[in-house]
Amino acid sequence: MAVLSSSSSSRAPKLHMVLFPFMSKGHTIPLLHLARLLLDRGVLITIFTTPGNHPFISHSLPGTENISIIDLPFPENIPGIPPGAESTDKLSSMSLFLPFVNGIKCMQRFFEEALEKIHSQVSCIISDGFLHWTLQSASKFGIPRVSFYGMSNYANAVSMDAAAMLSIHESPDEPFTLPSFPSITLTRNHFDDPFDKRDQKGPYFDFIIESTIATVNSFGFLVNSFYELEKPYADHYRGLNNKSWNVGPLCLAQPPNPKHLPSDEKPEWILWLDQKLAEARPVLYIAFGSQAKISSAQLKEIAFGLEEAKVSFFWVVKKSEEEVWDDGFEDRVKERGIIVKEWVDQREILEHDAVQGFLSHCGWNSVLEGICAEVPIVAWPMMADQFLNAKMVEEEIKIGVRVNTVDGTPKGFVRRESLKNTVVEVMEGEKGKELRDKVKEVAEEARKAMAEGGSSWHELNGIVDEIHMG
Ligand code: UDP
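Remember, predicted model here, so these are calculated numbers, not experimental data.

Colleague: Tell me about the site of the ligand, and name the residues and values.
Modeller: Around the ligand, 15 residues are found, and the nearest of them are Ser 290, Val 344, Asn 365, Ser 366 and Glu 369. Within the contact set of the ligand, an oxygen atom lies 2.9 Å away from a side-chain nitrogen or oxygen of His 361. The separation between an oxygen atom of the ligand and a polar main-chain atom of Trp 364 is 3.5 Å. Starting from 530 Å² of accessible surface for the ligand in isolation, the protein chains cover 90%. Of all the elements in the fold, those that place two or more residues in the shell around the ligand are helix 1 (25-40) and helix 13 (364-372). The biggest single contributor to the shell around the ligand is helix 13, with four residues.

Listed below in structure tokens is the structure:
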């Protein structure tokens with residue numbers, strides 16, 4: 001393993017790390033935050049991506065001479081993937097996820113051609129776990145690979161522990177308790193296809209196994225979390241994997257936008273939030289991440305629920321979700337609701353003092369961003385690890401409550417009355433106060449973990465030192 005000599009005035013040799021994020025916003029954003037932290041420690045960074053993802057990455061990172069971005073050609077003609085859809089949030093359906101991850105495997109050749117030119121300077125490859133083939137490339141050049149998924153220790157540890165229990169019951173809604181964590185009760189429906197089936201097999205299963213094996217065989221594993229948040233699960237997961245480091249919440253690496261900008265430099269929705277703050281009307285922020293696809297019937301029910309709850313709200317919808325509600329809805333709620341149909345800076349919104357509740361799908365980044373902004377969560381998981389994150393939010397960290405589904409199952413339909421009741425409870429009730437106090441405490445712990453001398457600060461220094469020593 002070679003270390004690049006410093007070209008700066010410092011005599012110490014500089015580390016050079018390659019970051020290779022998976023092409024989806026929820027996987028890319030935390031690795032870009034990690035890049036900032038590594039840059040602060042004097043590490044040179046090369047990020048691998050594709051032309052279609054390059055602008056998002058360069059826009060998210062400050063210009064610096066210590067970072068370079070290499071574009072690898074995105075494979076053409078992947079069956080089902082339209083030209084230009086170079087990240088999973090651009091897919092019309094998650095059924096295209098497998099063709100996408102299988103199609104991008106042919107980037108391995110271009111990755112290795114590019115590595116050939118810089119490998120003698122590279123000390124480590126931090127790769128998303130879904131890009132399992134980067135382990136082969138790293139091994140070819142004798143470079144350690146560190147895997148990153150962006151999931152909590154809780155979701156990782158619980159998924160592993162549940163594996164042995166998934167076949168025991170006929171029904172996917174029959175509860176079982178976990179062998180290593182007997183206080184946790186789950187059903188198969190807390191997992192996505194095929195893990196919600198008694199007999200798990202098929203190409204998605206194979207993909208997850210391949211990614212897991214590559215992670216286990218890597219130098220180690222980075223977790224976007226902090227030790228104090230989930231000690232038993234972090235310890236358990238560490239016991240299963242050779243090495244893991246808790247280095248988050250990574251979103252804290254990005255300084256929040258200044259709050260006191262002149263009006264003409266603020267997006268219109270921030271001005272709207274300023275106005276709600278001046279009127280002392282707390283706002284519920286509603287966003288379901290970059291991936292979840294919500295049915296028209298469910299979107300309509302959300303609109304009715306918000307209307308009946310009579311709370312002020314800020315709802316981010318996707319272009320494809322536009323105007324499924326009835327014509328009069330936006331008009332009827334215009335005094336207290338704003339619906340935004342474009343990409344927003346979610347952290348900036350959550351950090352706004354007017355925002356006092358977050359109706360969230362519980363993507364792990366959103367959970368951490370809610371915590372850091374001291375905003376309690378109304379948890380409405382939709383897919384992937386979100387069912388486990390929602391359980392963790394409610395039962396372990398106790399900073400949120402789950403919406404109730406009509407049939408009591410994790411993936412069931414949510415009726416307007418139920419949504420209204422939970423939202424009102426969190427925005428106006430005693431429960432909300434209790435959650436707000438708790439989330440403040442957790443946010444304080446998160447800030448301590450990331451500050452100099454904190455647990456995440458130490459763990460990140462630990463991995464940098466280990467890589468440095470070879
Ligand atoms: N995000 C954002 N603006 C948007 C939509 C999403 O900034 O309009 C960010 C959000 O802050 C988070 C990430 O995209 O950092 C989404 O990740 P998460 O794990 O919450 O959900 P996913 O999109 O992976 O389901």
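Colleague: Hey, could you go over the side chain of Asn 53 for me, with residue numbers and the actual values?
Modeller: Mapping Asn 53 onto the fold places it in the loop between strand 2 (44-49) and helix 2 (54-60). There is a polar contact of 2.9 Å between the side chain of Asn 53 and the backbone oxygen of Glu 86. Non-local contacts of Asn 53, meaning those with residues more than four positions away in its chain, are made with Met 23, Glu 86 and Ser 87.

Colleague: Report on the sheet that holds strand 13 (residues 355-360), specifying residues and quantitative values.
Modeller: Taken in spatial order, the six strands of this open sheet run 12-11-10-13-14-15, and their pairing is parallel. Since the sheet does not close on itself, it has two edges, and those belong to strand 12 (337-340) and strand 15 (400-402), each with one partner. Neighbour-to-neighbour, the strand axes of this sheet turn through a mean angle of 15°, independent of strand direction. Both strand 13 and strand 14 (residues 377-379) contribute to a ladder of three bridges, which runs parallel. Directly across from Phe 358, in strand 14, lies its bridge partner Ile 377. Helix 10 (residues 296-309) rests against strand 10 (283-287) and strand 11 (312-316) of the sheet, and its axis sits at about 160° to strand 11. Sheet contacts for helix 14 (residues 386-396): strand 14 and strand 15; angle to strand 15, the most-contacted strand, approximately 125°.

Conventions adopted
Residues numbered from 1 in each chain as written. Predicted model: local features only at pLDDT ≥ 70, side-chain atom pairs only at ≥ 80, totals over all residues. Heavy atoms only, no water. Near = heavy atom within 4 Å. Polar contact = N/O pair within 3.5 Å; in protein donor to acceptor, adjacent residues only side chain to side chain. Areas by Shrake-Rupley, 256 points an atom, 1.4 Å probe, with all protein chains shown as cover. Helix = DSSP H or I, 4+ residues; strand = E, 2+ residues; numbered from the N terminus. Contact = heavy atoms within 4.5 Å. Pairing = 2+ DSSP bridges. Axes fitted to C-alpha atoms, helices over the stretch in contact; angles between N-to-C directions.

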